[in-house]
Amino acid sequence: MKEFFDRLKCKECGRSYPKEAVHVCEFDFGPLEATYHYHKIKKYVSRQMIESGPDSMWRYEPFLPLEEEPTVGLHTGMTPLLAAKRLAKILGIKELYIKNDTVNFPTLSFKDRVVSVALSRAKELHYEVVSCASTGNLANSLAAHAAANGLKSYVLIPADLEPAKVIGSLVYNTRVIGIKGSYDKVNRLCSEIAGKYRWAFVNVNFRPYYAEGSKTMGFEILEQMGWKIPDHTVICMASGSLLTKIDKAYQEAILCGLVEEKPYAIHGAQASGCNPITAAFKKGTDLIRPIANPNTIAKSLAIGTPADGYYAIQTIRRTGGYAEDVTDQEIIEGIKILAETEGVFAETAGGVTVGCAKKLIQKGYIPQESQVVLCITGNGLKTAEVLKDHLNPIDVIEPHIQDFDKIVDFEK
Ligand SMILES: *Cc1c(COP(=O)(O)O)cnc(C)c1O
Ligand SMILES: [Zn+2]
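Residues numbered from 1 in each chain as written. Chains lettered and ligands numbered in written order. Predicted model: local features only at pLDDT ≥ 70, side-chain atom pairs only at ≥ 80, totals over all residues. Heavy atoms only, no water.

Novice: I would appreciate a short explanation of the overall build of the protein chain in the present structure.
Specialist: Helix and strand counts for the protein chain come out as 15 helices and 13 strands. Over its C-alpha atoms the protein chain spans a radius of gyration of 21 Å, differing by no more than 12% from the 22 Å that the globule rule assigns to 412 residues. The principal-axis extent of the C-alpha atoms belonging to the protein chain is close to 75 × 45 × 45 Å. The buried share of the protein chain, taken over its 412 residues, is 58%. A sequence separation of at least 24 residues applies to 71% of the contacts in the protein chain between residues at least 6 apart. Accessible surface, the protein chain: about 18,000 Å² in total, of which carbon and sulfur atoms supply 53%. With 48 positive and 49 negative side-chain charges, the protein chain shows a spacing of 4 Å between the two charge centroids. (Helix = DSSP H or I, 4+ residues; strand = E, 2+ residues; numbered from the N terminus. Rg over C-alpha atoms; globule rule 2.2 N^0.38 Å. Buried < 20%, exposed > 50% of the residue type's maximum accessible area, 1.4 Å probe, protein only. Contact = heavy atoms within 4.5 Å. Areas by Shrake-Rupley, 256 points an atom, 1.4 Å probe, with all protein chains shown as cover. Lys, Arg positive; Asp, Glu negative; His and termini not counted. Charge placed at Lys NZ, Arg CZ, Asp CG, Glu CD.)

Structural data, given as structure tokens:
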């Protein structure tokens, strides 16, 4: 909101920048971040006001970097927080919750949140073409939101993405450009294009606006927990942005009196086949070594040079969390256990979160007597092919009752 959104500020040197399509500091190349007049927000917001707001992420509009009313993604967010009692029992945790963005609108991943903010802002700044560098979900969301708002869109992706993610962009009649190479190559090309064309690249020149959208997942968790910060939050990481922004939401909620301050831990999860952030964390260094050739079924998390990796490590350390990674086999087990116990079909990134949570509990980084939220960020139908050789086959029978009787396991 105009009266609350202050400016863009360099995360490194603190220099101020105008609220335009800029994302890096000219002096030290630090990332720019939106800042707010918190004393004004604090006077304005209350739990009750938020609870009676729209049934979407936009009930948190005072904390988002727009100057006018939002126009994109008015039905995005406010996804369910499920009490996962059956999974809790198996993992040996007292209280376990699933923040279920597999059912986010319109494209079944948490990316619908970030695109809603970035494109609302792009419209405010009169951009007509929108674009992104994507590992799949961002492309789906950008294409859908652009279609629904009459914006022209181009999405750039690694050429070898899952078929459902490619179709899930093409259906909106966007231009899909497949790049021969990893996500880092896609991203570098997008930076070059952004320097040449006046386009809104949601995660390049609009990244400060885009990234703030992730906070809504954090705010919703707090509200749905009954305005309490959970002891532990487990979050999967690609660039590391979502993790840092859930923490930012918790901090802002404390600052503005929506929740009481208390200790909490933020844990990061990655796939072992692309683990630049967890590897650096485990080594005890801030120095992230890029992964040149990511090799994991969790393609949505396969970013070898994570833009916010450094900040993610700081957040995890500051809160007393831990960072863990899992193999492809463990990712598949994570997907299956979540589906079998809670009826939630997550994509590979969700398998990463569940698999890492299991390890964090086993290793004692998450104590059994605690309250845990798992952020499940994308839908399993988008990466269904990874399960092909890991499920029971179907029983095919003749349409006769005798044949049916033969395959039944239960007593009549
Ligand atoms: C993009 C993405 C993430 C994490 O994104 P960050 O770059 O770390 O903010 C997590 N899960 C899914 C399914 C994603 O598509
Ligand atoms: Zn700077």
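From this point, the narrative continues.
Novice: Looking at this structure, how should I read the sheet that holds strand β3 (residues 32–36)?
Specialist: What links the strands of a sheet is backbone hydrogen bonding, and the strands pair in either a parallel or an antiparallel sense. The strand order across the open sheet formed by 3 strands is β2-β1-β3, and the pairing between neighbours is antiparallel. In the strand order of this sheet, the two ends are held by β2 (16–17) and β3, each with one partner. With 5 bridges joining them, strand β1 (residues 5–10) and β3 adopt antiparallel strand pairing. Residue Arg7 lies in a different strand from β3, and its bridge partner there is Thr35. (Pairing = 2+ DSSP bridges.)

Novice: Whenever I open this one, the site of ligand 1 confuses me. Can you help?
Specialist: Around ligand 1 lies a shell of 15 residues, among which Lys111, Ala238, Ser239, Leu242 and Thr377 are the nearest. Contacts to ligand 1 include Lys111, whose side-chain N or O atom sits 2.8 Å from an oxygen atom. Its residues assigned to classes, the shell around ligand 1 comprises 7 nonpolar, 6 polar and 2 charged. (Near = heavy atom within 4 Å. Polar contact = N/O pair within 3.5 Å; in protein donor to acceptor, adjacent residues only side chain to side chain. Nonpolar A, V, L, I, M, F, W, Y, C, P; charged D, E, K, R; others polar.)

Novice: Would you explain the coordination of the zinc ion (ligand 2) in this entry?
Specialist: Reference values for angles at a metal are 109.5 degrees in the four-donor tetrahedral case and 90 or 180 degrees in the six-donor octahedral case. At this site the zinc ion (ligand 2) is bound by Cys10 (SG), Cys13 (SG), Cys25 (SG), Asp28 (OD) and Asp28 (OD), with donor distances of 2.3 to 2.5 Å. Mapping the donors of the zinc ion (ligand 2) onto the primary sequence gives the spacing C-x2-C-x11-C-x2-D. Of this pair, Cys13 sits in the loop between β1 and β2 while Asp28 is found in the loop between β2 and β3, placing the two residues 15 residues apart along the sequence. Under the relative-accessibility criterion, Cys13 is labelled partly exposed at 35%. Taking the relative accessible area as the measure of exposure, Asp28 reaches 31% and is therefore partly exposed. (Donors = N, O, S within 2.8 Å, 3.2 Å for Na, K, Ca; no water.)

Novice: Could you clarify how one ought to interpret the side chain of Lys382 in this entry?
Specialist: Turning to its location among the elements, Lys382 is positioned in the loop between β13 (371–376) and α15 (401–407). Glu347 provides the closest opposite charge to the buried, salt-bridge-free Lys382, at an N-O distance of 5.7 Å. At 3.0 Å, the side chain of Lys382 forms a polar contact with the side chain of Asn140. Once residues lying within four places of it in the same chain are set aside, the contact partners of Lys382 are Thr107, Leu108, Ser109, Asn137, Asn140, Glu162, Ala164 and Lys165. (Salt bridge = Lys/Arg side-chain N within 4 Å of Asp/Glu carboxyl O.)

Novice: Which parts of the structure should I look at to understand the pattern of salt bridges?
Specialist: Pairing is possible between side chains that carry opposite charge, provided their charged atoms lie close to one another. Per the counting criterion, the structure on display carries 26 salt bridges. Across the pair Glu162 and Lys165 runs a salt bridge, and its minimum N-O distance is 3.8 Å. For the pair Glu162 and Lys165, one class covers both residues: buried. In this structure, a network of salt bridges that share partners links the residues Lys11, Glu33, Glu212, Lys215, Lys245, Lys248 and Glu252.

Novice: Looking at this structure, how should I read the environment of Val171?
Specialist: Here Val171 shows up in the loop between α6 (163–170) and β8 (175–179). Residue Val171 is classed as exposed on the basis of its relative accessible area, which comes to 60%. Note: C-alpha distance between Val171 and Ala312 (141 residues apart in sequence) is 34 Å.

Novice: Looking at this model, I keep getting lost on the nonpolar core. Mind explaining?
Specialist: One recurring pattern in soluble globular proteins: nonpolar side chains tend to sit buried together. Counting 98 residues, the largest nonpolar core has Leu87, Leu96 and Leu374 as the members making the most contacts within it. It is helix α10 (residues 241–255) that provides the largest number of residues to this core, a total of 7 residues. When residues no more than four places from it in sequence are discounted, the contact partners of Leu96 are Leu82, Ala83, Ala84, Leu87, Ala88, Leu91, Val372 and Leu374. One finds Tyr154, Ile193, Ile331 and Ile335 within the second-largest nonpolar core, a separate group that totals 30 residues. (Core = buried A, V, L, I, M, F, W, Y, C linked by side-chain atoms within 4.5 Å.)

Novice: It is not clear to me how the sheet that holds strand β7 (residues 152–158) should be interpreted in this structure. Could you clarify?
Specialist: Spatially, the 4 strands line up as an open sheet ordered β8-β7-β6-β9, and their pairing is parallel. Bordering the open sheet on either side are β8 and β9 (200–201), each of which pairs with just one other strand. Where strand β6 (residues 129–133) lies against β7, 5 bridges are found, and the strand directions are parallel. Note on β7: the bridge partner recorded for Ala133 is Leu156. Those strands touched by helix α7 (residues 183–196) are β6, β7, β8 and β9, and its axis lies near 145 degrees from that of β7. (Axes fitted to C-alpha atoms, helices over the stretch in contact; angles between N-to-C directions.)

Novice: Looking at this structure, how should I read a nonpolar patch on the surface?
Specialist: Together, Ile397, Ile401, Phe404, Ile407, Val408 and Phe410 make up a nonpolar patch on the protein surface, roughly 580 Å² of accessible area in all. Mapping Ile397 onto the fold places it in the loop between β13 and α15. A residue is classified by how much of its surface remains accessible, and Ile397, at 37% relative accessible area, is partly exposed. (Patch = residues over 30% accessible without salt bridge, like charges linked within 9 Å, V, L, I, M, F, W, Y side chains within 5 Å.)

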